[in-house]
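Results of the structural survey
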Amino acid sequence: MDITLSEDIDAEYLEDVSDILTNREFLALNCFRHHYATTRLMHSMNVSYISWLMAKKLGCDAKAAARAGLLHDFFLYDPRQGRPSREMQAFCHPKVAAANSEDTFDITEKEKEAILSHMFPLGPLPKTQEAWIISGADKLCACVEVFHIGIALSRNGRVVVSAA
């Protein structure tokens, strides 16, 4: 699977997340539908880019926000086909995403905490500004995706994912 990014995506953002966006296992998120009309990969990219922009604007750790935003839904199963535990998906998937992220990438404690708390109020209370940003960006993206509205990187062909 290959990913093509338009030239108008900020180079600083791409530098912060390049190791994730070139990882084959992570790119497999493109195989899973998410919020009806998008893929889990595109949803994660939207959450990441919006989180990065917000964190920069607010003077927070933009790199941590971008990386945790990308990895917040890094689970490689279809919840309609079953989950790795008996917990509801809202409680289960942040733990799986955090574990997958730790196993696959060099993530910080701040990034892990943001991944684990992104489902607030269904999960733990976010403890950092970046975690709050990711939780909010996730909800914003989910809402617009359900209504088939292009947002952030899903607009105007800014990201194209194709089979290798």
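Residues numbered from 1 in each chain as written. Predicted model: local features only at pLDDT ≥ 70, side-chain atom pairs only at ≥ 80, totals over all residues. Heavy atoms only, no water.

Another aspect to go through is helix α1 (residues 11–21). Taken together, the buried positions of α1 are occupied by Y13, D16, V17, I20 and L21. The arc that holds the buried residues of α1, viewed along the axis, is 130°, so those residues lie on one side. Looking at α1, the residues exposed on the side facing more than 90 degrees away from the buried face are A11 and E15. Residues of α1 that are buried in the fold lie against β1 (2–5), α2 (24–27), α3 (40–58) and α4 (62–71). N-capping of α1 is provided by D10, with a side-chain oxygen placed 2.8 Å from the backbone N of E12. (Buried < 20%, exposed > 50% of the residue type's maximum accessible area, 1.4 Å probe, protein only. Helix = DSSP H or I, 4+ residues; strand = E, 2+ residues; numbered from the N terminus. Arc of directions from axis to C-beta. Contact = heavy atoms within 4.5 Å. Polar contact = N/O pair within 3.5 Å; in protein donor to acceptor, adjacent residues only side chain to side chain.)

This next bit is on the packing of helix α6 (residues 109–117) against helix α7 (residues 129–146). Running from amino to carboxyl end, α6 crosses α7 at an angle of 35°, the nearest separation of the two axes being 9 Å. Considering the relative orientation of α6 and α7, their crossing is right-handed. Contacts from K110, E113, A114 and S117 in α6 reach E130, A131, I134 and S135 in α7. Residues of the contact of α6 with α7, tallied by class, amount to 3 nonpolar, 2 polar and 3 charged. (Axes fitted to C-alpha atoms, helices over the stretch in contact; angles between N-to-C directions. Left-handed = near helix turned anticlockwise from the far one by under 90°. Nonpolar A, V, L, I, M, F, W, Y, C, P; charged D, E, K, R; others polar.)

When a protein is soluble and globular, its nonpolar side chains tend to lie buried together. One finds Y13, F26, L70 and L71 to be the most contacted residues of the largest nonpolar core, which totals 39 residues. Element by element, the count of residues in this core is highest for α3, at 8 residues. Every residue in contact with L71, bar those within four places of it in the chain, is listed here: I20, F26, A97, S101, F105, I107 and I115. (Core = buried A, V, L, I, M, F, W, Y, C linked by side-chain atoms within 4.5 Å.)

It is worth spelling out the pattern of salt bridges at this point. Scanning the entire structure with this criterion turns up 6 salt bridges. Residues K110 and E130 are paired through a salt bridge, measuring 3.7 Å at the closest nitrogen-oxygen approach. Here E130 lies in helix α7 and K110 lies in helix α6, a separation of 20 residues in the sequence. Via salt bridges that share partners, D19, R67 and E111 belong to a single interconnected network. (Salt bridge = Lys/Arg side-chain N within 4 Å of Asp/Glu carboxyl O.)

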